[in-house]
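If you want the building blocks of each chain, they are given just below.
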Amino acid sequence: MTGPSRIGPRRPEPPDVDVGVGAVFAALADPTRRAVLRAVADGREATATDLGTAVGISRQAAAKHLDVLAAAGLVVDVRVGRERRWQVTPAPLSDAAAWLDRTGAAWDARLARLRDAASAPPS
Amino acid sequence: MNRVGTDDRDDEGPTVAVIRTVDLDLDPDAAWHLAGSAAGLGSWLGADVEVDLAPGGALHLRDDDGTRRTGTVTGVDPGRSVSFRWTDGEVASDVTITVDGGPEGRSRVTVTEVARTGGRLMACADAGAAWDGRLLALELGALTAAPAFAALA
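Here we summarise the structure given alongside this text. Please read these numbers as outputs of a predicted model, since none were measured by experiment. (Residues numbered from 1 in each chain as written. Chains lettered and ligands numbered in written order. Predicted model: local features only at pLDDT ≥ 70, side-chain atom pairs only at ≥ 80, totals over all residues. Heavy atoms only, no water.)

Quick notes on the packing of helix H1 (residues 21-28) of chain A against helix H5 (residues 91-119) of chain A
All names here are of chain A.
Turning to step 1, where the next piece is worked out: The N-to-C vectors of H1 and H5 enclose an angle of 95°; their axes lie 9 Å apart at closest approach. It follows from the interaxial angle that H1 and H5 lie roughly perpendicular. For the pair formed by H1 and H5, the contact residues are Val-21, Val-24, Phe-25 and Leu-28 on the first element and Pro-92, Leu-93, Asp-95, Ala-96, Trp-99 and Leu-100 on the second.
Turning to step 2, where the next piece is worked out: Residue composition of the contact of H1 with H5, by class: 9 nonpolar, no polar and 1 charged. (Axes fitted to C-alpha atoms, helices over the stretch in contact; angles between N-to-C directions. Helix = DSSP H or I, 4+ residues; strand = E, 2+ residues; numbered from the N terminus. Parallel < 35°, antiparallel > 145°, perpendicular 65-115°, else oblique. Contact = heavy atoms within 4.5 Å. Nonpolar A, V, L, I, M, F, W, Y, C, P; charged D, E, K, R; others polar.)

Some words on the pairing of strand E2 (residues 47-51) of chain B
Residue and element names in this part refer to chain B.
Turning to step 1, where the next piece is worked out: Here E2 runs beside strand E3 (residues 58-62); their pairing, made up of 3 bridges, is antiparallel. In the sheet register, Ala-47 faces E3, and the bridge partner there is Arg-62.
Turning to step 2, where the next piece is worked out: Here E2 hands over to E3 after 6 residues, with Gly-56 in that stretch at a positive phi of 90°. (Pairing = 2+ DSSP bridges.)

Some words on unusual backbone geometry
All names here are of chain B.
Turning to step 1, where the next piece is worked out: Positive phi values are uncommon outside glycine, yet Asp-48 reaches one of about 55°.
Turning to step 2, where the next piece is worked out: Assignment of secondary structure puts Asp-48 in strand E2.
Turning to step 3, where the next piece is worked out: Backbone geometry at Glu-104 places phi at a positive 55°, although glycine is not the residue there.
Turning to step 4, where the next piece is worked out: As for its placement among the helices and strands, Glu-104 is situated in the loop between strand E6 (92-101) and strand E7 (107-115).

Considerations on the packing of aromatic side chains
Turning to step 1, where the next piece is worked out: All chains considered together, the criterion is met by 4 aromatic pairs over all chains.
Turning to step 2, where the next piece is worked out: Arranged with centres 5.9 Å apart and planes meeting at 25°, the rings of Trp-107 of chain A and Trp-86 of chain B form a pair that is stacked. Taken together, the residues Trp-107 of chain A in helix H5 and Trp-86 of chain B in strand E5 (residues 81-87) connect one chain to another.
Turning to step 3, where the next piece is worked out: Judged by relative accessible area, which is 0%, Trp-107 of chain A ranks as buried.
Turning to step 4, where the next piece is worked out: Overall, the relative accessible area of 2% leaves Trp-86 of chain B in the buried class. (Phe/Tyr/Trp six-rings, centres within 6.5 Å; stacked < 30°, edge-to-face > 60°. Buried < 20%, exposed > 50% of the residue type's maximum accessible area, 1.4 Å probe, protein only.)

So this is what it looks like as structure tokens:
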């Protein structure tokens, strides 16, 4: 058989991998890392070299950011021949965005009650 | 009003928080009694609020939508702040409620909630040090419009 072989998606599994919205937020709090994620989302299975060029950082720096994003479940690498190409895994990002919306709305409601309680005439 | 910043903690790096503030027409002592005391929390934090306001004390309440939350008080600075860790059964997070004095005898109450990262605690010691997730939500909205996320639609 000739041509590049695809081994398929491989999710890295470091011993202390974190999952959940907290890990997503930790991964996304770095603006350069967010730029790397955007570059992955805008492209189609890009390499760390491609992503570094797109973001304006070295391949090594891009690789480090990709490892953090992968540990948070936001991207996964696919082997194409000898290359590692990266693609997004959207579900954790959507979960994190939903948590932000839900939590923000809940606090808006609680603080509205606090404000009303503060304004109520003394009993 | 929201504050924006980063919170670098040891090797855990910056994190994202939901931050909300409200200004009250109360002096700080009265604001603390309402916002941070055990009796006061019961008037606004949720329904059926039960809290033992001491480090390690238990916290139970019910959200507006019926979600039950349980937690533990992690810190109390009387008159200034109270912190606790809670969960809705799916996501565990750390909350800090801080009361600051403002101009003309008024007060500002700030709440910060940070989602925990697996087994590692990512609480905010300073409510002003975490990065407000509202800005991230704007970016996430733009990000999820990218073609790679189309499968979610």
